[in-house]
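Breakdown of the fold
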Amino acid sequence: MTPTTMLFLAVSMSADAFAASISKGAELKKPRFRHAIGIGLVFGIIETLTPLLGWIAGKASQQYVEAWDHWIAFTLLALIGLHMMHAGITKEDKIEHRKQTLWLLVLTATATSIDAMAVGASLAFIDANIIATSLAIGLATTVMASIGTFLGNKLGHFVGHWAELIGGIVLIGIGLAVLAEHTAFFNS
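This report concerns the structure included in the present document. Just so you know, these numbers come straight off a predicted model, no measurement behind them.

**Some points on the packing of helix α2 (residues 15–27) against helix α5 (residues 102–112)**
- The geometry of α2 relative to α5 is characterised by a closest axis approach of 9 Å and an angle of 155° between their N-to-C directions. It follows from the interaxial angle that α2 and α5 lie roughly antiparallel. The two elements α2 and α5 cross, and the hand of that crossing is right-handed. Of α5, the residues touching α2 (which contributes D16, A17, A20 and K24) are L104, L105, T108 and T112.
- Of the residues in the contact of α2 with α5, the class split is four nonpolar, two polar and two charged.

Here you go:
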């Protein structure tokens, strides 16, 4: 795998985390640099580990990972998105009062990194340096998610209490895009 290919792969793998971090940033009243980096690191660490896990799973059983990765990603993203939409509809001022919980952040990061696991599984069958590739994906994700957190906060001020509702819709959209990309159901 060339360095250019690795760069494109890393940036494309970080796109879901970028979109999800925008909704995370919208939930924060005034994120500091350390908040944005912290959110970026959670996304980045998980996005670093999932290709490695996928590579290990690919060595053991590539068909299993490829057969279900899109359904797992869709289900997690849809559940998180529905939860966020519910919170956005039922609470007027939740952006002022809602605390960012680590478990929800980890769950969101895990959901957006399922596709990286499938990439790791496919890299098990080609001549790719999985350590370098995983680190590149993790670094790109950390940077993109940190930037997304700041952007989400700025966008959140414009959309007010609707930010979480919009973030939930975005996550469900990402889940549907993953599903559409991997199934004939949406391609027919």
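**Considering the nonpolar core**
- Counting 19 residues, the largest nonpolar core has F43 and L171 as the members making the most contacts within it.
- Listing elements by their share of this core, those giving two or more residues are α2, α3 (33–90), α5 and α8 (163–182).
- If you tally residues by element for this core, the top one is α3, at seven residues.
- Each residue touching F43, except ones within four places of it in the same chain, is listed here: A17, A20, S21, L105, T108, A109, T112, T141 and A145.
- By size, the runner-up hydrophobic cluster in this structure holds 10 residues, among which are A10, M13, A128 and A140.

**Quick word on a nonpolar patch on the surface**
- Taken together, the side chains of L41, I45, L49, L53 and I56 make up a nonpolar region of the molecular surface, amounting to roughly 470 Å² of accessible area.
- Residue placement: L49 occurs in helix α3.

**Considering the environment of F33**
- Along the chain, F33 falls in helix α3.
- Here the alpha-carbon distance between F33 and T149, two residues 116 residues apart in the chain, equals 9.6 Å.

Conventions we followed
Residues numbered from 1 in each chain as written. Predicted model: local features only at pLDDT ≥ 70, side-chain atom pairs only at ≥ 80, totals over all residues. Heavy atoms only, no water. Axes fitted to C-alpha atoms, helices over the stretch in contact; angles between N-to-C directions. Helix = DSSP H or I, 4+ residues; strand = E, 2+ residues; numbered from the N terminus. Parallel < 35°, antiparallel > 145°, perpendicular 65-115°, else oblique. Left-handed = near helix turned anticlockwise from the far one by under 90°. Contact = heavy atoms within 4.5 Å. Nonpolar A, V, L, I, M, F, W, Y, C, P; charged D, E, K, R; others polar. Core = buried A, V, L, I, M, F, W, Y, C linked by side-chain atoms within 4.5 Å. Buried < 20%, exposed > 50% of the residue type's maximum accessible area, 1.4 Å probe, protein only. Patch = residues over 30% accessible without salt bridge, like charges linked within 9 Å, V, L, I, M, F, W, Y side chains within 5 Å. Areas by Shrake-Rupley, 256 points an atom, 1.4 Å probe, with all protein chains shown as cover. Salt bridge = Lys/Arg side-chain N within 4 Å of Asp/Glu carboxyl O.

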